[in-house]
Amino acid sequence: MSNYDALRAPAAHATVSLDSLRRSGKRHARLKGRQSDELSVQEVRALIGVRPEGGHRRDLLIEHLHRLNDHYRGLHDRHLVALAQEMNLPMAEVYEVASFYHHFEILREGQSAPALTVRVCEGLSCEMQGARTLLEKLPAVLGAEVRVIAAPCIGRCEQAPAALVAQQAVPWANLESIAQVCGGGVPLTPALSPEGRGGNSGPDSTQGKGGHAGPLDLLPLPLGEGRGEGAAVDFAQYQAQGGYALARRIVSGELAAEDVIGALEDSGLRGLGGAGFPAGRKWRIVREQPAPRLMAVNIDEGEPGTFKDRTYLERDPHRFLEGMLIAAHVVGTEACYIYLRDEYHDCRALLQTELAKLQASPPCPLPRIELRRGAGAYICGEESAMIESIEGKRGEPRMRPPYIAQVGLFGRPTLEHNFETLYWVRDIVERGPQWFTGFGANGRRGLRSFSVSGRVRQPGVKLAPAGITLRQLVADYCGGMADGHELYAYLPGGASGGILPASMADIALDFDTLQPYGCFIGSAAVIVLSLHDRARDAALNMMRFFEHESCGQCTPCRVGTAKAAQLMAQPAWDADTLRDLSEVMVDASICGLGQAAPNPLRSVLAHFSHEVGAQA
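Residues numbered from 1 in each chain as written. Predicted model: local features only at pLDDT ≥ 70, side-chain atom pairs only at ≥ 80, totals over all residues. Heavy atoms only, no water.

1. Overview of the packing of helix α24 (residues 555-568) against helix α25 (residues 575-588)
Two elements in contact, α24 and α25, have axes separated by 10 Å at closest approach and are oriented at 160 degrees. Comparing the axis directions of α24 and α25 gives the class roughly antiparallel. Both α24 and α25 take part in a crossing whose hand is left-handed. Contacts from Pro556, Gly560, Thr561, Lys563, Ala564, Leu567 and Met568 of α24 reach α25 at Thr577, Leu578, Leu581, Val584, Met585 and Ala588. (Axes fitted to C-alpha atoms, helices over the stretch in contact; angles between N-to-C directions. Helix = DSSP H or I, 4+ residues; strand = E, 2+ residues; numbered from the N terminus. Parallel < 35°, antiparallel > 145°, perpendicular 65-115°, else oblique. Left-handed = near helix turned anticlockwise from the far one by under 90°. Contact = heavy atoms within 4.5 Å.)

2. A word on the sheet that holds strand β12 (residues 460-465)
The pairing of strands in a sheet comes from backbone hydrogen bonds and takes either a parallel or an antiparallel form. Here 5 strands make up an open sheet; going across it, the order is β12-β11-β15-β13-β14 and the pairing mixed. In this open sheet, the two strands that pair with only one neighbour each are β12 and β14 (500-501). Bridge count between strand β13 (residues 487-491) and β14: 2 bridges; the pairing is antiparallel. Residue pairing in the sheet places alanine 489 in a bridge with proline 501 of β14. Contacting β11 (447-454) and β12, helix α15 (residues 308-315) crosses the sheet at an angle of about 95 degrees to β12. Each of β11, β12, β13 and β15 (525-530) touches helix α22 (residues 470-477); the most contacted strand, β12, lies at about 115 degrees to it. (Pairing = 2+ DSSP bridges.)

3. Some points on the state of the cysteines
Scanning the entire structure with this criterion turns up 0 disulfides. Not part of a disulfide, cysteine 554 finds its nearest cysteine sulfur in cysteine 557, a span of 5.1 Å. Overall, the relative accessible area of 12% leaves cysteine 554 in the buried class. (Disulfide = S-S within 2.5 Å. Buried < 20%, exposed > 50% of the residue type's maximum accessible area, 1.4 Å probe, protein only.)

4. Side note on the packing of aromatic side chains
Summed over all chains, the structure comprises 18 aromatic pairs. Aromatic pair tryptophan 424 and phenylalanine 436: ring centres 6.5 Å apart, planes at 55 degrees, arrangement tilted. One end of the pair, tryptophan 424, is in the loop between α19 (419-423) and α20 (425-431); the other, phenylalanine 436, is in helix α21 (residues 433-437), with 12 residues separating them in the sequence. In terms of burial, tryptophan 424 and phenylalanine 436 fall into one category: buried. Positioned over the ring face of phenylalanine 277 is arginine 281, at 5.3 Å from the centre of the ring. (Phe/Tyr/Trp six-rings, centres within 6.5 Å; stacked < 30°, edge-to-face > 60°. Lys NZ or Arg CZ within 6 Å of the ring centre and 35° of its normal.)

5. Considering the confidence of the model for the chain
Per-chain confidence: the chain averages 89 in pLDDT, with 87% of residues scoring 70 or above. Considering only residues more than four positions removed or in separate chains, one finds that residues 1-14, a stretch of pLDDT under 50, has 1 contact. Note that residues 186-229 has pLDDT below 50 and, in this model, 108 contacts with residues that lie over four places away or in other chains. (pLDDT = per-residue confidence, 0-100.)

Here's what the structure looks like:
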């Protein structure tokens, strides 16, 4: 008999009892790997609820992780096992999502969470204002029970140095103010600048010089003295001021959807999250896709130097919400998902409150609206990575095509927009596109919200004509340079927008005007450097940020940012190697993070080679 025949031959005396079959079935029915315990399951259910009929929604995985992380100050592995069981997901899938996001603290068996975590922003604006010193001295001041860690930009660059004590923001942080919050004292109000520093968290209201209209003349609603006095405009106040009347007209058919899209197209409004795609054209493209269609709103705002969305949201949330409802109706989307960065805890509470009021007394039929919470990943500012995160997955960018306008959230055509783009919809449609195009400077048209930080006397959000120059912006809207500082360089578009010298401070700041100089405006995050600073230090700060925030999906970005940071830390730069590395990153990275990361180092080689002793 051959081996094959022997394997096929029936075994002698192959008798199996019914009890042995039952025991075998029970063994195979059990999940592989670590099993959950009853206590952990009950603790998870207490936070996420008992499993509904049909099971927990897969896309709510990150929301459930947040509940556990908030309650237990971390994610114990036993809770992850129980969560995987409750959601009927592989443990590996739950773990890979939890480990992707910076704000989730995975705790191994026997490991305890720190009593309190203080995150000190190490973004460029905060670094210039002494964040390094805070990081060095805080552990001794706060004691061993408090963990102090460096954090990437937390979106409070005008309040530098800034910190987070758990989820409480501490603006203009110092040892005393952080210790006060850690000790349970009343924190400083973020809206007010302490000790007369002149900083602010709202658009400046000072009448501009040289014929530039001051932001009070431009804003749809005045914002006090630009320092954030007063609470946000709530639902009742907004309606009393004519809010949601436009949405009702559009939903009722009094104003045609085509007229709304036409107004946006005529205004030239472009995506204000950084990409600058024409808003009206995007609405038209998505509207032409087959239903059902969805909408995703990006308020992740992770670009270092950017804080305009947070500022407007803190002041007038319903202006944005009305713009979102108008877009949803015109494009025909069934549901809207709002993705808000995790660092904006107060904004999240505000939005939850105001959304509840809107849904309790809707001025017109509403789509389903869900507020989703980021978890500390800059890459989720990229639209397809944000879509993945909303679906409860790792925030890794998708390959394109297809584009998300065709195949987006849950595989449906998706209208994706930045917060500020929607914020301007009501005013453009009500006042007419000519109102918006009536502003502008140096041959450009429209308005731009510049997030200005760094060495200026009055940092903050500056609503100014598109095309204004950096020199005009600093002089007319920021009160000039800070005392003892002289303009040396500036970043016109945040971490990825490049760096330009003071000799190029008369270039119009707008879409398409900076590309000839190797830069771009992006989300209009302007960081101003003085003669006390070095461009090479700014570029290294940004590259280390990109290294930290790379999702790791593609090698050119994952390895390239780390290698570039290593080379840029050397006293003299190897220019040829850095240029070759930059070229590979630009050409081969999957998304904009890796493609734009080399911009600051390229700017230094082009304009500040004297700082790096570049080796040819």
